Amino acid sequence: MPNIKLYVDMQRHPEARGQMPALMADLRDIVVQTLGVQKAACQLAAIEVAGLADQPPVNLEMSYLPAPARTRDRMEQVAGLLRDAVRQATGLHSAVRFTALDGSTYLATK
């Protein structure tokens, strides 16, 4: 499970809207390859927001379940790959934030 939310200021950058489907597929592929999860475990959403002009136009937030191989260094590498994918697809700068969930209290039903 990673849960990725892309908050995109599409009022300032309406051209980013057309890039979201392909970008979300690319982000999922990065997570599948780097974290060893199944596609079906991933949940991605792009959410249009109104942000301030001095903030990054894209904010990527990912929550994930910890695992021994998901060290801080490894997760920083993944964050860089995701940030680079956002820039390549949209030309926009992004902030990337990760939150590790507590596996003993996390529950998901699909």
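This text follows the structure it describes.
Described below are features of the structure shown in this document.

**A word on the packing of aromatic side chains**
Thinking step 1. For the structure on display, the rule yields one aromatic pair.
Thinking step 2. Judged by centre distance (6.1 Å) and plane angle (70 degrees), the ring pair of Tyr-64 and Phe-98 falls under edge-to-face. In this pair, Tyr-64 is assigned in strand S3 (residues 58-64) and Phe-98 in strand S4 (residues 94-100), connecting sequence segments 34 residues apart.
Thinking step 3. The partly exposed category is assigned to Phe-98, whose relative accessible area is 24%.

**Considerations on the nonpolar core**
Thinking step 1. Core analysis: the biggest nonpolar cluster contains 24 residues, and Leu-6, Leu-27, Val-31, Leu-60, Met-62 and Leu-82 have the highest contact counts within it.
Thinking step 2. Of all elements in the fold, only strand S1 (2-8), helix H1 (20-35), S3 and helix H2 (72-90) reach the threshold of two or more residues within this core.
Thinking step 3. Looking at this core, the element that brings in the most residues is H1, giving six residues.
Thinking step 4. For Leu-60, the residues in contact, after removing those within four places along its chain, are Ile-4, Lys-5, Leu-6, Leu-27, Leu-82, Val-86, Ala-95, Val-96, Arg-97 and Phe-98.

**So, H2**
Thinking step 1. Helix length check: H2 (19 residues) gives 27 Å between terminal C-alpha atoms against 27 Å at 1.5 Å per residue, within 8%.
Thinking step 2. Taken together, the buried positions of H2 are occupied by Met-75, Val-78, Ala-79, Gly-80, Leu-82, Ala-85, Val-86 and Thr-90.
Thinking step 3. Elements in contact with the buried residues of H2: S1, H1, S3 and S4.
Thinking step 4. Immediately downstream of H2, the backbone of Gly-91 shows phi near 75 degrees, a positive value.

The rules behind these values
- Residues numbered from 1 in each chain as written.
- Predicted model: local features only at pLDDT ≥ 70, side-chain atom pairs only at ≥ 80, totals over all residues.
- Heavy atoms only, no water.
- Phe/Tyr/Trp six-rings, centres within 6.5 Å; stacked < 30°, edge-to-face > 60°.
- Helix = DSSP H or I, 4+ residues; strand = E, 2+ residues; numbered from the N terminus.
- Buried < 20%, exposed > 50% of the residue type's maximum accessible area, 1.4 Å probe, protein only.
- Core = buried A, V, L, I, M, F, W, Y, C linked by side-chain atoms within 4.5 Å.
- Contact = heavy atoms within 4.5 Å.
- Expected span 1.5 Å × (residues − 1).

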